[in-house]
Amino acid sequence: MSKPISIKNVTKSFPKSGEELLVLDDFSLEVSRSEFVTVVGTSGCGKSTLLKIVGGLMPVTSGVVQIENEVVEEPGLDRGFVFQSYSLFEWLTVEKNILFALKKRPLDSKEKKDIVAQYIEEVGLSGFEKAYPKELSGGMKQRVAIARALVYKPAILLMDEPFGALDSQTRGMMQELLLRVWENHKTTVLFITHDVEEAILLSDRVIVMSSRPGRIKLEKEVVIERPRSYETTTSEGFVSIKRELLDSIREETMKITG
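Quick summary incoming for the structure in this document. Bear in mind that the values here come from a model prediction, so they are computed numbers and not experimental data.

Cut-offs and rules
- Residues numbered from 1 in each chain as written.
- Predicted model: local features only at pLDDT ≥ 70, side-chain atom pairs only at ≥ 80, totals over all residues.
- Heavy atoms only, no water.
- Helix = DSSP H or I, 4+ residues; strand = E, 2+ residues; numbered from the N terminus.
- Rg over C-alpha atoms; globule rule 2.2 N^0.38 Å.
- Buried < 20%, exposed > 50% of the residue type's maximum accessible area, 1.4 Å probe, protein only.
- Areas by Shrake-Rupley, 256 points an atom, 1.4 Å probe, with all protein chains shown as cover.
- Lys, Arg positive; Asp, Glu negative; His and termini not counted.
- Charge placed at Lys NZ, Arg CZ, Asp CG, Glu CD.
- Pairing = 2+ DSSP bridges.
- Axes fitted to C-alpha atoms, helices over the stretch in contact; angles between N-to-C directions.
- Contact = heavy atoms within 4.5 Å.
- Salt bridge = Lys/Arg side-chain N within 4 Å of Asp/Glu carboxyl O.
- Phe/Tyr/Trp six-rings, centres within 6.5 Å; stacked < 30°, edge-to-face > 60°.
- Lys NZ or Arg CZ within 6 Å of the ring centre and 35° of its normal.

## Describing the overall build of the chain
1) Next: From N to C terminus, the chain includes seven helices and ten strands.
2) Next: Against the 2.2 N^0.38 benchmark of 18 Å for 258 residues, the chain shows a C-alpha radius of gyration of 19 Å, consistent with a compact globule.
3) Next: With the principal axes as the frame, the chain shows a C-alpha extent of 55 × 45 × 40 Å.
4) Next: In the chain, which comprises 258 residues, the proportion classed as buried is 49%.
5) Next: Summed over its atoms, the accessible surface of the chain is roughly 12,800 Å², and 50% of this surface lies on carbon and sulfur atoms.
6) Next: Of the charged side chains in the chain, 35 are positive and 38 negative; the average position of the first set lies 4 Å away from that of the second.

## A word on the sheet that holds strand β9 (residues 205-209)
1) Next: Across the sheet, six strands lie side by side as β6-β7-β8-β3-β9-β10; this open sheet has mixed pairing. Both edges of this open sheet fall to β6 (79-83) and β10 (216-221), since each of them pairs with a single strand only. Looking at each pair of strands side by side, their axes are set apart by 15° on average, direction ignored.
2) Next: In this structure, strand β3 (residues 36-40) lies alongside β9, joined through four bridges in parallel fashion. Counterpart to Val-39 in the pairing with β9 is Ile-207.
3) Next: Relative to the sheet, helix α1 (residues 47-54) contacts β3, β6, β7 (156-160), β8 (188-192) and β9, its axis offset from that of β7 by approximately 150°.
4) Next: Each of β6 and β7 touches helix α4 (residues 138-150); the most contacted strand, β6, lies at about 170° to it.

## Describing the sheet that holds strand β2 (residues 19-31)
1) Next: Strand order across the open sheet formed by four strands is β2-β1-β4-β5, with antiparallel pairing between neighbours. The two strands at the open ends of the sheet, each matched to only one other strand, are β2 and β5 (70-71).
2) Next: Relative to strand β4 (residues 62-67), strand β1 (residues 5-16) runs antiparallel, the two being bridged by five bridges. Each bridged residue has a counterpart across the sheet, and for Lys-8 the counterpart in β4 is Val-64.
3) Next: In this fold α1 packs onto β1, β2 and β4, with an angle of close to 120° to the strand it touches most, β1.

## Quick look at the pattern of salt bridges
1) Next: Enumeration according to the criterion identifies 15 salt bridges in this entry.
2) Next: One salt bridge in this structure joins Glu-95 and Lys-130, with 2.7 Å as the shortest N-O distance. Of the two residues, Glu-95 sits in helix α2 (residues 94-100) while Lys-130 sits in the loop between α3 (109-122) and α4, which places them 35 residues apart along the sequence.
3) Next: Looking at Lys-130, the relative accessible area reads 59%, which means it is exposed.
4) Next: In the salt-bridge network here, residues are joined through shared partners; they are Glu-35, Arg-205 and Glu-219.

## Here's the deal with the packing of aromatic side chains
1) Next: Evaluation of the coordinates by the stated rule reveals six aromatic pairs.
2) Next: Ring centres 5.7 Å apart and planes at 40° place the aromatic pair Phe-36 and Phe-191 in the tilted group. Of the two residues, Phe-36 sits in strand β3 while Phe-191 sits in strand β8, which places them 155 residues apart along the sequence.
3) Next: On the basis of an interplanar angle of 55° and a centroid distance of 6.3 Å, the ring pair of Phe-163 and Phe-191 is categorised as tilted. Of this pair, Phe-163 sits in the loop between β7 and α5 (168-185) while Phe-191 sits in strand β8; the two residues are 28 residues apart in sequence, bridging distant segments of the chain. Phe-191 shares its class with Phe-163; the two are buried.
4) Next: Chaining the aromatic ring pairs together yields one cluster made of Phe-36, Phe-163, Trp-182 and Phe-191.
5) Next: A cation over an aromatic ring shows up here: Lys-186 above the ring of Trp-182, its NZ or CZ 5.4 Å from the ring centre.

## Regarding the environment of Leu-177
1) Next: In this fold, Leu-177 is placed in helix α5.
2) Next: With a relative accessible area of 1%, Leu-177 lands in the buried category.
3) Next: Sequence spacing of Leu-177 and Gly-124 is 53 residues, and the spatial spacing of their C-alpha atoms is 8.7 Å.

## Concerning the side chain of Asn-97
1) Next: Checked against the element boundaries, Asn-97 lands in helix α2.
2) Next: Looking at Asn-97, the relative accessible area reads 0%, which means it is buried.
3) Next: Among residues more than four places away in sequence, those in contact with Asn-97 are Leu-88, Phe-89, Leu-92, Pro-133, Val-144 and Arg-148.

Below, the structure written as structure tokens:
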């Protein structure tokens, strides 16, 4: 049975000062359908590079990435993106920002508006349909970005530190929102974060990367019952997993700092 995401022996290097800077080295990972997988690791270990490669935004140096058995060579409608920067069109309203994602879908105007209305309600933005990005808080902007990424029903959602710029309280609210939305749609998710608690709360599996060049150091299945909420973070199982992941990351940090 094919995997929605298959990363096989991927190496990625960049030219630097006449030499090659190796960022990813022989990296392999498979993500199952409807699985939520999060990648954590030290800064500069290649997490975001990995996500861009899966998204078709960056070529591999060697190895292969496949989405549903098709080799990734460019971005596609089968993948939705949510980044730390909201990337909204400032001159479009909430409704029209989300509607833009349906531009290439063969749907009539009413169908598109009905779908947009559904997702606006799902991310808790009812009443803000006509608001412009400058009128929204950071958390609300990210809700628009999530709705826009999901509205055309991609098979895979790629998220790169989507809540990294938010304050702690708003970040917690957005995590719980994402959990609810994921429970509803069961989209396959590859998520990047520096926040170990966030990784455990959201994920079925957490991948710890080594310091550069990035390799998989540890795979940890999160055997904690769903649905989850912020209260989950105080459970014994959660704390145990957090300790193991932090110890693994700390070892890599010590390699960098000496």
